[in-house]
Amino acid sequence: MLRNLISLTKNWVFLIFGLLIHSLTGKTPQRAHASLVLLFCKTKGKANDFLSLMISMFYPPYEIEETSGFLRSLPIKEMDEIQASLEKDGYHVFKERLTADFCEQILQQSLKIECLLSGDEVTAEFGRRKYAKYDASNPVAAFYIIPEDEITDIKEIQQLVCEPLLIKVAQRYLKAKPIFSGISMRWSPHVKDTPDSEAAQLYHFDMERIKWLRFFFYLTDVDSDTGPHCFIKGSHRTGAIPKYMLDQGYARQSDDDIFKEYGKDSQIEFTGGRGTIIAEDSRGFHKGKMPNKGDRLLLAFELSTSTFGANKRHKIRNVRVPQFREFALKYPRLYHNFDFAQKEKL
Ligand SMILES: O=C(O)CCC(=O)C(=O)O
Ligand SMILES: [Fe+2]
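Along each chain, the written sequence defines residue order, and numbers are assigned to residues from 1. Naming scheme: in the order in which they are written, chains are lettered from A and ligands are numbered from 1. Two thresholds apply to this predicted model, a pLDDT of at least 70 for residue-level local features and 80 or more for giving and counting side-chain atom pairs, whereas whole-chain, interface and lining totals are computed over all residues.

Chemist: How should the overall build of the protein chain be read in this particular structure?
Modeler: Tallying secondary structure elements over the protein chain gives 12 helices and 13 strands in all. With the radius of gyration taken over C-alpha atoms, the globule rule is written as 2.2 Å times the number of residues to the power 0.38. For 346 residues, the compact-globule estimate of 2.2 N^0.38 gives 20 Å, and the protein chain sits close to it at 20 Å. In terms of principal-axis extent, the alpha carbons of the protein chain reach across some 60 × 50 × 45 Å. With 346 residues in all, the protein chain has 41% of them scored as buried. Labels follow the DSSP assignment, with helices taken as runs of H or I lasting at least four residues and strands as runs of E lasting at least two, numbered in each case from the N terminus. Every C-beta atom is placed from the backbone, and the number of other C-beta atoms within 10 Å of a residue's own sets its class: buried at 20 or more, exposed at 12 or fewer, partly exposed in between.

Chemist: I would appreciate a short explanation of the site of ligand 1 in the present structure.
Modeler: By definition, a residue lies near a molecule or strand provided its backbone-derived C-beta atom is within 6 Å of it. In the region of ligand 1, the neighbouring residues are Ala 200, Asp 206, His 229, Ser 282, His 286, Lys 287, Gly 288, Leu 298 and Ala 300. For the shell around ligand 1, the secondary-structure elements that each account for two or more residues are strand 10 (286-288) and strand 11 (295-304). In terms of residue count, the dominant contributor to the shell around ligand 1 is strand 10 (three residues). In terms of residue class, the shell around ligand 1 is made up of three nonpolar, four polar and two charged. Residues are grouped as follows: nonpolar covers Ala, Val, Leu, Ile, Met, Phe, Trp, Tyr, Cys and Pro; charged covers Asp, Glu, Lys and Arg; every other residue, Gly included, is treated as polar.

Chemist: Just checking my understanding: could you explain the packing of helix 4 (residues 76-88) against helix 9 (residues 164-174) for this structure?
Modeler: When two helices pack together, their arrangement is captured by the angle between the axes and the distance separating the axes. Axis lines are fitted to C-alpha atoms, over the contacting stretch for helices. Their N-to-C directions set the angle, which ranges from 0 to 180 degrees. In contact at an axis separation of 10 Å, helix 4 and helix 9 are set at 50 degrees when each is read in the N-to-C sense. In terms of orientation, helix 4 lies oblique with respect to helix 9. Considering the relative orientation of helix 4 and helix 9, their crossing is right-handed. Contacts from Met 79, Ile 82, Gln 83 and Leu 86 in helix 4 reach Lys 168, Val 169, Arg 172 and Tyr 173 in helix 9. The residue makeup of the contact of helix 4 with helix 9, split by class, is five nonpolar, one polar and two charged. Working rule for angles: under 35 degrees goes down as roughly parallel, over 145 as roughly antiparallel, 65 to 115 as roughly perpendicular, anything else as oblique. Handedness of a crossing follows from how the near helix is turned relative to the far one, being left-handed for an anticlockwise turn of less than a right angle and right-handed for a clockwise one. C-beta atoms are first placed from the backbone for all residues, and any pair lying within 7 Å is then listed as a contact.

Chemist: I would appreciate a short explanation of the sheet that holds strand 10 in the present structure.
Modeler: The strands that make up a sheet are held in pairs by hydrogen bonds between backbone atoms, and each pair lies either parallel or antiparallel. Taking strand neighbours across the sheet as the criterion, the three strands line up as 8-7-10 in an open arrangement whose pairing is antiparallel. Pairing within the sheet leaves two strands with one partner each, and these edge strands are strand 8 (267-270) and strand 10. The mean angle between the axes of side-by-side strands here comes to 20 degrees, regardless of whether they run parallel or antiparallel. Both strand 7 (residues 229-232) and strand 10 contribute to a ladder of three bridges, which runs antiparallel. The partner of Cys 230 across the bridge, within strand 10, is Lys 287. When DSSP finds two or more bridges between two strands, those strands count as paired.

Chemist: It is not clear to me how the pairing of strand 6 (residues 212-218) should be interpreted in this structure. Could you clarify?
Modeler: Two faces belong to every sheet, and in a regular strand the side chains alternate between them. Strand 6 sits mainly inside the fold: seven of its seven residues count as buried. Side-chain alternation along strand 6 places Trp 212, Arg 214, Phe 216 and Tyr 218 on one buried face and Leu 213, Phe 215 and Phe 217 on a second face that is also buried. Of the strand pairs in this sheet, strand 6 and strand 11 are connected by seven bridges, and their pairing is antiparallel. In the strand pairing of strand 11, Leu 213 is matched with Leu 303. Direction of pairing for strand 6 relative to strand 9 (residues 277-280): antiparallel, over a ladder of four bridges. Looking at strand 9, one finds that Phe 215 is bridged to Ala 279.

Chemist: Teacher, can you tell me more about the nonpolar core here?
Modeler: Most often, soluble globular proteins keep nonpolar side chains buried together rather than apart. Put simply, a nonpolar core is buried Ala, Val, Leu, Ile, Met, Phe, Trp, Tyr and Cys residues tied into one set by C-beta atoms within 7 Å. Of all hydrophobic cores here, the largest spans 79 residues; its most connected members are Ala 170, Phe 217, Leu 219 and Leu 303. At seven residues, the largest contribution of residues to this core is made by helix 9. When near neighbours in sequence (up to four residues on either side) are disregarded, Leu 303 contacts Ile 167, Ala 170, Leu 174, Pro 178, Ile 179, Phe 180, Trp 212 and Leu 213.

Function cannot be read off these values alone, since they describe shape.
Here it is in structure tokens:
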């Protein structure tokens, strides 16, 4: 009991000190990020709720009038429904999709880029970093990670990071000004018959930020065999993860343990055609199901209330979309985690 209290106090001190350093330098000391994870686990999420309430007082949502996106702007009733399902279930699948052409443009560019090979075997085998272009006819790794600076240089991706609908949905959920972070794009081919831990094919919760809403975009058709993203309904809520699981910290969980705890019915397997957009509070349990055949190209990013946590900034080498430039001037906090190249300084 006393040991617990001492540990809690110590971690709050590290966290508050880290927040101070972060506000001065933009960087989070590793120890402070570790304290965020530990306090999430010890308080079943209450620490994050408290911190995000504080942040939302300092950074209340933007007034965003624009309806200039390529996704339809939604009536207030529909926005309320999305908000309610995010709060209750932790996810929302949008009725609107990216067009096939939009997805194809991104996919084609992903094939030209040298990806970082990843996966349990790759990590063990190569040790050092290894890069290769994705070749669907001969995949050699469970995970092909497209380097982040290449992703942010793609025109269509820049269109997505100034898409008013996504920003509006996120800031309603966060109750604060959102910041784009955690941009990733990965090919997950079928290469083996056991789920890959490195490739996020086992259940886990994310904890890179204090509060965030993560968006997933399917750039290929995804059915039950080609690696759908999966989520445990309601597991994002405060108190929803049992103590014995939280006591393991940031650990991966087996399907069996997850189903024992939540029941198999609480698992949502998001199947959907290319262009499907999912919003999810990924502090709840989620994974990418191991593909049994074919492959999946997934784009993801989150909108967070603060960049405190993982020190992962994004570079913008070229601004390719006029609305992106406009938004960067008008809503600077959205791009607080982006470093614009000198020639693109706004
Ligand atoms: O590949 C997936 O569907 C899961 C990805 C994931 O865990 C994440 O983006 O946080
Ligand atoms: Fe994750």
